[in-house]
Amino acid sequence: MGTSHDEGRQGEAYVPLVLNSEGYRKKFYIESYGCAMNFSDSEIVASILNDNGFGATRNFEEADLVLLNTCSIREKAEQTVRSRLHIFRQVKRSRPGMLIGVLGCMAERLKEKFLQEERLVDMVVGPDAYRTLPALIEEAGTGQKAVNVLLSREETYADISPVRLDSNGVAAFVSIMRGCNNMCSFCVVPFTRGRERSRDAVSIVRECQDLFAGGYREVTLLGQNVDSYYWIDESADLVVTFASLLEKVASIDPLLRVRFSTSHPKDITDEVLYTMARHENICRYIHLPVQSGSTRILQLMNRTYTREWYLAKIDRIKTILPGCGLSTDIITGFCSETEEDHQDTLSLMKYARYDMSYMFFYSERPGTLAARRYKDDIPEETKRRRLDEVVKLQNRLSLESNREDIGKTFEILVEGDSKKSAEDWRGRNTQNKVVIFPKADGSYQKGDYVRVKVEDCTGATLIGRALLH
Ligand code: SAM
Ligand code: SF4
């Protein structure tokens, strides 16, 4: 679901595909918050812990090591983590040997507070320091406070094979880069995750090949700004751009679907769009965060594009990739946003006709450019009211978009049972829309491609029947 926050997954506990704690000396429990990047990082952490004698548990009360992989993007995400830490702290009273650690973006931001002031945790580990976890665990085990929040210019964990989270055995995330060099004024990511660096393309392609061989049928290439992927293959004296990386991954097998997230509107190139057009297995779906429809606000946000430039990009996508699914991120109530600016966001949404959006109201983050330069002057009530209007409009657009699909036939990759009924399969079409159809329509299983004709819909789901081949 993109690098943006999938609210349904917040606080999800890590469980590997096969829960097997035999052969491990100790047990770890990890909960993840924030974007897909963090969930993907938890899989790397799990791999490092497995190699060091820790098996996963889904019950924190029996864990020797409890970890929270945290997010700093909005204040609310931080509050949730804090309240979880207080619960873990209580359990620790009766199990003093249990270690509690904070990983990820909040570790970078709040190390002193967590360790010294509030004494909530035993370990604080930043996103580039997971390789040092075994040493930090040892240090914390002796009663010392263990910290490593150093950011790196090189770390990509390229050689670590992530232990897949209890996904569905069909779709997996593959991290292709870390950090971010853009300085969007509202955003804390460049401070918490450091400079942008791209992962070795050879290891990315190998990981995708291994996933395909292991039965996976979809990979989502992940980064904060995937279009600026850039890696030099010194052995061949070749530059690998995002477009060429996409080409390599798509060429693994036509049965492997390829998705990616997130694109920055300023960086997505025609070359990427044409590469998508050439490969049917690169999904017809682009997540293109706009943040605001007002050029004035976009400038204050330091997004480096105007409303018109963004709209021209949307036109380009629709020309090169007809029928491409589109989604976005929107922030309401950024510093100095007027009603007119807000109306610009609503009208841009109508023009782009997004199938889906992640929508937030502005939350000032300490240390960001906006916090230093601008006044957070829109009352919360107004931020929320504007957010409500944006959400209502998006709900209408999603429903309209889904209604247009009634009568159409799509190829669906089956991911598992429908959330509402075990009698139905759930999958997605290339545009990333969720499609439900009855299991009784044929003998299918997870990982199969099925042609489904849409007969009905809700705002969030297409409902159809499988067509016999
Ligand atoms: N790198 C991606 C991009 O540029 O589109 C997104 C990264 S961020 C993890 C996901 C989304 O969180 C952003 O697109 C933005 O809409 C939202 N966000 C970031 N900082 C925020 C803030 N201070 N207040 C509210 N929403 C914020
Ligand atoms: Fe944050 Fe902007 Fe980087 Fe996205 S591109 S992570 S919003 S600074």
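Residues numbered from 1 in each chain as written. Chains lettered and ligands numbered in written order. Predicted model: local features only at pLDDT ≥ 70, side-chain atom pairs only at ≥ 80, totals over all residues. Heavy atoms only, no water.

1. So, the packing of aromatic side chains
How we decide: Only rings of Phe, Tyr and Trp enter the pairing, Trp through its six-membered ring, and a pair is recorded when the two centres are within 6.5 Å. The plane angle decides the type: under 30 degrees is stacked, over 60 is edge-to-face, the rest tilted. Numbering of helices and strands runs from the N terminus; a helix is a DSSP stretch of H or I covering at least four residues, while a strand is a stretch of E covering at least two. In this scheme, a residue with accessible area under 20% of its type's maximum is buried, one over 50% is exposed, and one in between is partly exposed, where area comes from a 1.4 Å probe on protein chains only.
The final tally for this structure, using the stated rule, is ten aromatic pairs. Ring geometry for F334 against Y374: centres 6.4 Å apart, planes inclined by 80 degrees, an arrangement best described as edge-to-face. Here F334 is found in the loop between β16 (325-332) and α11 (339-352), whereas its partner Y374 is found in the loop between α12 (369-373) and α13 (380-404), with 40 residues between them in sequence. For F334, a relative accessible area of 0% translates into the label buried. The exposure class of Y374 is partly exposed, given its relative accessible area of 23%.

2. A closer look at unusual backbone geometry
For the bond from S261 to T262, the omega torsion is 10 degrees, close enough to zero to count as cis. A positive phi angle, close to 75 degrees, is found at Q291, a residue other than glycine. Here Q291 shows up in the loop between β15 (285-287) and α9 (295-300). Phi is positive for T304, which is not a glycine, with a value near 65 degrees. With respect to the element layout, T304 can be found in the loop between α9 and α10 (307-320).

3. Topic: the site of ligand 2
The condition that has to hold: Only heavy atoms are used to decide nearness, and a residue is near a molecule or strand if one of them lies within 4 Å of it. Each residue is assigned to one of three groups, with Ala, Val, Leu, Ile, Met, Phe, Trp, Tyr, Cys and Pro labelled nonpolar, Asp, Glu, Lys and Arg labelled charged, and all others, Gly among them, labelled polar.
The environment of ligand 2 is made up of C180, N182, C184, F186, C187, V189, P190, Q224, H264 and R303. Classifying every residue of the shell around ligand 2 gives six nonpolar, three polar and one charged.

4. Regarding the pattern of salt bridges
Where side chains of opposite charge bring their charged atoms close, a pairing between them can arise. What counts, and what does not: Salt bridges are identified by distance alone: a Lys or Arg side-chain nitrogen within 4 Å of an Asp or Glu carboxyl oxygen.
Enumeration according to the criterion identifies 37 salt bridges in this entry. Between D341 and R296 there is a salt bridge whose closest N-O contact spans 2.7 Å. Of the two residues, D341 is situated in helix α11 and R296 in helix α9; the sequence distance between them amounts to 45 residues. Residue D341 is classed as buried on the basis of its relative accessible area, which comes to 6%. Here K392 makes a salt bridge to D388, at a shortest N to O gap of 2.9 Å.

5. What about the sheet that holds β16?
Put simply, the test is: Strands pair, by our definition, only if DSSP identifies at least two bridges between them. Helix axes are fitted to C-alpha atoms over the stretch in contact, other axes to C-alpha atoms as well, and angles between N-to-C directions run from 0 to 180 degrees.
If you walk across this open sheet you meet the three strands as β15-β16-β17, and the pairing is parallel. The open sheet has two edge strands, β15 and β17 (356-361), and neither has a second partner. Shown here is a sheet whose adjacent strand axes are inclined to one another by a mean of 10 degrees, direction ignored. Two elements, β15 and β16, share three bridges in a ladder whose sense is parallel. What sits directly across from H287, in β16, is S327.

6. Some points on the environment of G55
Spelled out, the test is: What makes two residues a contact is simply this: any of their non-hydrogen atoms within 4.5 Å.
Tracing the backbone through its elements, the reader meets G55 in strand β3 (residues 54-56). For G55 and R428, which are 373 residues apart along the polypeptide, the C-alpha to C-alpha distance reads 32 Å. When neighbours within four sequence positions are excluded, G55 is seen to be in contact with Y24, K26, K27, F28 and N50.

7. What about helix α3 (residues 105-117)?
Inclusion rule: By this rule, a helix spans an expected 1.5 Å times one less than how many residues it contains. Bend, in this description, refers to the angle at a residue between axes fitted to the seven residues ending there and the seven starting there.
Here α3 spans 18 Å end to end across 13 residues, near enough to the 18 Å set by a 1.5 Å rise per residue. Of all bends in α3, the biggest is about 70 degrees, found at K111. Looking only at α3, the buried set comprises C105, M106, A107, E108, L110, F114 and L115. Here the buried face of α3 lies against β4 (65-70), α2 (75-94), β5 (99-104), β6 (123-125), β7 (146-148) and α5 (189-193). In the segment just after α3, R119 is the residue with positive phi, at about 50 degrees.

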